[in-house]
Structures are given as structure tokens and as C-alpha cells.
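One-letter residues, chain by chain:
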Amino acid sequence: MHFIAVLILAALTLLHQASSSTDQLPSVIQLINKDERFTILALALQAIGVTEADDIEGPYTLFAPNDAAFNAVPRDVVEHLSDPKNVAELGELIAYHVIPEKAITAAQIQAMSLPTQLKTLTDASVTVSKDNNRIKVNDATVIASDIIAKNGIIHVIDKVLLPKAKSD
């Protein structure tokens, strides 16, 4: 009987450590703010008023464009989105990179029947596919994956995802 109690206690301890280990991780926004690959994304989040305190509870998946991806966006688009009167459009653009309610690992994506559509925070969908064993999101390529946060997961992409223009 004593042996079973010790096993149960050990199992409970492992479960507690596993759950508390993710609680000790930084949030997605904290990771973005600290990672030098995402200085422009961090500035965009700040511009739309998203701070660490406003971080989505999660879980969620963020396809995060690195600075090189933002630097490749056409200058007229950058100027338009940088105008404070267009902050709502910038917020929509950032929200288009978020898959709510799911922290999806690269292995889970690879196991999906691809191509597939994933609904974003904007209710529009992105197309996830594979190209030569690389994960693609629309026309962006995942160049680093599975950055784990306490409230989600980040996959670094090499292009900014631009939603299809809404017809007037």
C-alpha cells in the first residue's frame, strides 16, 4: 500500500511540475518584446496598444514575421499602416497572423491533411501547406518553429501575411 501511495505522489508531483513549468514561461508578447528578430512586430503591437498586460490568454498560435519580413513590405503599405489614423487596419493585419484557441506545433501542422485552412483572429483564413517539407502559411515560409510560451506558440515566418483585400 505504501508503494502505491509513493507512486501516486510521484505522479502528482510530475503533473504539477509539468503544468507549472509552462506557467513559468514568458507570454507570447513578452517573447516578442525580448527577441531581436521581432523589433518591428513589437513596435507594431505597441502602436495598436497591445502590451504584455493585454496579451491574449491563450492558447493561440502566432505566425510572427521577423524584421526582414517587415522590411520587405512595400514602402507605400508601410507608410499607410504607420499613419495613426490607420491603427485599426494595422491591428487587423496583426490579428491576421493569430490562430486563436490553439497552440499548434510544427509536428501537428506536418501531421495535418495539407493544404488546410486555419481561421485567424480576424475570422479570415490562412492556407497552411507544405513545400519540400517546409511549412508554408499563404506565401510565407516558416523559418523557425515551436517557440513555446505560457499562453501559446510562435512560428517565425519570412513574409508578412497580407489579408486579401475586402471588396467594397
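Given the structure is predicted, the values throughout are model-derived calculations rather than measurements.

What counts and how
- Residues numbered from 1 in each chain as written.
- Predicted model: local features only at pLDDT ≥ 70, side-chain atom pairs only at ≥ 80, totals over all residues.
- Heavy atoms only, no water.
- Pairing = 2+ DSSP bridges.
- Helix = DSSP H or I, 4+ residues; strand = E, 2+ residues; numbered from the N terminus.
- Axes fitted to C-alpha atoms, helices over the stretch in contact; angles between N-to-C directions.
- Buried < 20%, exposed > 50% of the residue type's maximum accessible area, 1.4 Å probe, protein only.
- Arc of directions from axis to C-beta.
- Contact = heavy atoms within 4.5 Å.

**Student:** Before we move on, could you go through the sheet that holds strand β6 (residues 140-149) and cite the residues and values that matter?
**Tutor:** Strand order in this open sheet of 7 strands is β2-β1-β7-β6-β5-β4-β3, and the pairing throughout is mixed. Of all the strands in the sheet, the pair left with one neighbour each is β2 (98-100) and β3 (116-119). Recorded for the sheet is a direction-independent mean angle of 35° between the axes of neighbouring strands. Direction of pairing for strand β5 (residues 134-137) relative to β6: antiparallel, over a ladder of 2 bridges. Within β6, the residue paired with Val137 across the bridge is Ala140.

**Student:** Run through the pairing of β3, naming residues and quoting values.
**Tutor:** The pairing of β3 with strand β4 (residues 125-131) spans 4 bridges and is classified as antiparallel. Within β4, the residue paired with Leu118 across the bridge is Val126. The turn linking β3 back onto β4 is made up of 5 residues, and Asp123 within it adopts a positive phi angle of 75°.

**Student:** Let's hear about helix α3 (residues 39-47): which residues, and what values?
**Tutor:** Within α3 the residues assigned to the buried category are Leu41, Ala42, Ala44 and Leu45. With its buried residues spanning 160° around the axis, α3 presents them on a single face. Opposite its buried face, α3 presents the exposed residues Leu43 and Gln46, each directed more than 90 degrees away. The inward-facing, buried residues of α3 abut α2 (28-34), β1 (60-65), α4 (67-71) and α6 (87-95).

From the geometry alone we can't say anything about function, so treat these as descriptive.
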